[in-house]
Amino acid sequence: MRVLVTGGAGFIGSAVVRHLVLVKGYEVLTVDKLTYAGTLTSLYKVDGHPLHRFLRADICDRSAMVEAFASFRPDRVMHLAAESHVDRSITGARDFVETNVIGTFTLLDVARNHWEGLPAVDRAAFRFLHVSTDEVYGSLGADGLFTEATAYDPSSPYSASKAASDHLAKAWQRTYGLPVVVSNCSNNYGPYHFPEKLIPLMILNALEAKPLTIYGDGANIRDWLYVEDHARALDLIAERGRPGQTYNVGGRNERRNLDVVQHICTLMDALHPQSGPHERHIAFVEDRPGHDARYAIDATRLETELGWRAEETFETGIEKTVRWYLENEWWWAPLRQGYDGRRLGLVGTGREP
Ligand code: NAD
Ligand code: TYD
């Protein structure tokens, strides 16, 4: 089995690559541009592994993608490369449109040409898994869950660009017959998460006695999934998902942001008391523009059709995550030098030209 993974030097992509190479024994070509969010240190466990190759390339670069498909001849594509941070998309959306929309278009089109040239039996087995987010569904009120039938209603430039890419992926299946499967997952957390997202940022800010910035009143709800549970789900969906179908992925772990941050503080008090007590650093700050109130996933299809279950609860996963950041300063310290956690995504400040 040969799998081409885009975005494999990122947070979720590197978990997918580790799973495919080290657990499944698949041959993997990681294709990644290495933006600020991608680092080869996230792939050190497969560095030099005979089943793993790395190609530094931009998914918008058509000729580089054609060459990658021609030389690697993948049986499967798992497409995770994206600009992924909502606050950055508010400050400047251009990279989001380029990578998430144009890049996905380029990859779909190159994959289609590759697939059309395969022998019939390989054409039938080929899969293109387009990895997306539950943020395409917009915001929930106090009740209800996102199902695969929920209408798209994205709020941020990030989620709008992901929604556009999902539509392109589905169109390439319906129009050209490319065997595309789409997954929409809730918020992930775990090791190798770039420290601009809520959970790693709060752990490192707590460690360094910096403000634990809560947007608005902290009542916004996210549905948290441990990244390795997501990686297993993606492998299963690529293996057994039906072309043309969408699968929602989520671990039924809804939490208010304030509760997440308080929980991190409690863990930090226990595991790193020298920088505590940590809750005194909680600071309520101006809300995010267009801030979705609540996300929550109904993963029944994935659970019943494909037999997937999350292995981590929020309590077990978050403790593993805090311990990992405390033990792996070598990984995050260089990234923290490049981005110190300053606030992004306020309208009227730091607008791109
Ligand atoms: P990430 O930002 O950590 O990693 C993205 C990776 O893509 C990086 O390695 C980056 O270098 C690479 N990349 C960016 N632009 C590229 C380009 N033009 N060409 C090639 N490579 C490029 O993101 P993540 O959190 O790992 O998310 C991976 C995917 O999963 C994304 O598609 C995202 O929308 C989706 N997703 C993320 C979450 C989440 O909670 N993080 C939840 C659901 C879905
Ligand atoms: P984030 O990790 O950016 O993920 P997403 O916006 O894709 O859900 O944010 C998670 C939640 O945490 C979201 O409701 C915004 C909030 N948040 C804060 O309250 N403070 C912060 O410093 C950050 C980065 C996020």
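Fair warning: this is a prediction, and the values are worked out from it, not measured in the lab.

S.K.: Let's hear about the site of ligand 2: which residues, and what values?
M.R.: The immediate surroundings of ligand 2 are formed by 16 residues, with Glu135, Asn187, Thr213, Arg288 and His291 found nearest. A distance of 2.9 Å separates an oxygen atom of ligand 2 from a polar atom in the backbone of Tyr215. In isolation ligand 2 has 510 Å² of accessible area, and contact with the protein removes 97% of it. Looking at the shell around ligand 2, the elements with two or more residues in it are α7 (198-207) and β8 (212-215). Looking at the shell around ligand 2 residue by residue, the class counts come to six nonpolar, five polar and five charged.

S.K.: Please provide a residue-by-residue account of the site of ligand 1, values included.
M.R.: For ligand 1, the set of nearby residues contains 28 residues, the closest of which are Ile12, Asp32, Ser84, Tyr158 and Lys162. Measuring from a nitrogen atom of ligand 1, one finds a side-chain N or O atom of Asp58 at 2.9 Å. Contact with the protein chains removes 97% of the 830 Å² of surface that ligand 1 exposes when unbound. If you list the elements that add at least two residues to the shell around ligand 1, you get α1 (11-23), β5 (127-133) and α6 (157-176). It is β5 that provides the largest number of residues to the shell around ligand 1, a total of three residues. Taken together, the residues of the shell around ligand 1 break down into 13 nonpolar, 11 polar and four charged.

S.K.: Any chance you could break down helix α2 (residues 62-72) for me, citing the residues and the numbers?
M.R.: Turning to α2, its buried residues number three or more, namely Ala64, Met65, Ala68, Phe69 and Phe72. Looking straight down α2, one finds that the buried residues subtend no more than 130° of arc, so they occupy a single side. Facing away from the buried side of α2, by more than 90 degrees, are the exposed residues Ser63 and Ala70. The inward-facing, buried residues of α2 abut β1 (2-6), β2 (27-32), β3 (52-56), β4 (76-79) and α4 (94-116). Where α2 terminates, the next one or two residues include Arg73, which has phi positive at roughly 50°.

S.K.: So, unusual backbone geometry: which residues are in play, and what are the values?
M.R.: Going from Gly276 to Pro277, the amide bond is cis rather than trans, its omega being -5°. Checked against the element boundaries, Pro277 lands in the loop between α9 (257-271) and β13 (282-285). The phi dihedral of Leu34 falls on the positive side, at around 55°, and the residue is not glycine. Residue placement: Leu34 occurs in the loop between β2 and β3.

S.K.: Describe the nonpolar core, naming the residues involved and giving the relevant values.
M.R.: Within the largest apolar cluster, 34 residues are counted, with the highest numbers of intra-cluster contacts made by Val5, Val16 and Met78. Secondary-structure elements contributing two or more residues to this core are β1, α1, β5, β6 (180-185), α8 (227-240), β11 (246-249) and α10 (300-306). Sequence-distant contacts of Val16, defined by excluding residues within four places in its chain, comprise Val5, Met78, Leu80, Ala231 and Leu234. In terms of nonpolar packing, the next biggest core, distinct from the first, is built from 32 residues, Ala206, Leu207, Val261 and Trp331 among them.

S.K.: Account for the pairing of β1, with residues named and values stated.
M.R.: The buried count for β1 comes to four of five residues, which makes it a mostly enclosed element. One ladder, built from five bridges, connects β1 with β2; its direction is parallel. The partner of Arg2 across the bridge, within β2, is Glu27. In this fold, the crossover linking β1 to β2 by way of α1 has right-handed handedness. In terms of strand pairing, β1 meets β4 through four bridges, oriented parallel. Looking at β4, one finds that Thr6 is bridged to His79.

S.K.: I'd love a proper account of the environment of Phe146, names of residues and values included.
M.R.: Tracing the backbone through its elements, the reader meets Phe146 in the loop between β5 and α6. Ignoring sequence-local partners within four residues, the contact set of Phe146 consists of Asp134, Tyr137, Gly138, Leu140, Asn248, Arg294, Tyr295, Ala296, Ile297 and Asp298.

S.K.: Outline the pattern of salt bridges, supporting the account with residue identities and numerical values.
M.R.: According to the stated counting rule, one finds 23 salt bridges in the structure shown. One salt bridge in this structure joins Glu239 and Arg76, with 3.4 Å as the shortest N-O distance. Separated by 163 residues along the polypeptide, Glu239 in helix α8 and Arg76 in strand β4 bring together distant segments of the chain. Given the relative accessible area of 39%, Glu239 is considered partly exposed. Owing to a relative accessible area of 6%, Arg76 belongs among the buried residues under this scheme. Its salt-bridge partner being Glu208, residue Lys210 comes within 3.1 Å of it at the nearest N-O pair. Each of the salt bridges in this network shares a partner with another, and the network as a whole consists of Arg62, Asp109, Arg112 and Glu116.

Cut-offs and rules
Residues numbered from 1 in each chain as written. Chains lettered and ligands numbered in written order. Predicted model: local features only at pLDDT ≥ 70, side-chain atom pairs only at ≥ 80, totals over all residues. Heavy atoms only, no water. Near = heavy atom within 4 Å. Polar contact = N/O pair within 3.5 Å; in protein donor to acceptor, adjacent residues only side chain to side chain. Areas by Shrake-Rupley, 256 points an atom, 1.4 Å probe, with all protein chains shown as cover. Helix = DSSP H or I, 4+ residues; strand = E, 2+ residues; numbered from the N terminus. Nonpolar A, V, L, I, M, F, W, Y, C, P; charged D, E, K, R; others polar. Buried < 20%, exposed > 50% of the residue type's maximum accessible area, 1.4 Å probe, protein only. Arc of directions from axis to C-beta. Contact = heavy atoms within 4.5 Å. Core = buried A, V, L, I, M, F, W, Y, C linked by side-chain atoms within 4.5 Å. Pairing = 2+ DSSP bridges. Right-handed = clockwise from strand over helix to strand, strands pointing away. Salt bridge = Lys/Arg side-chain N within 4 Å of Asp/Glu carboxyl O.

All we've got here are geometric facts, nothing functional implied.
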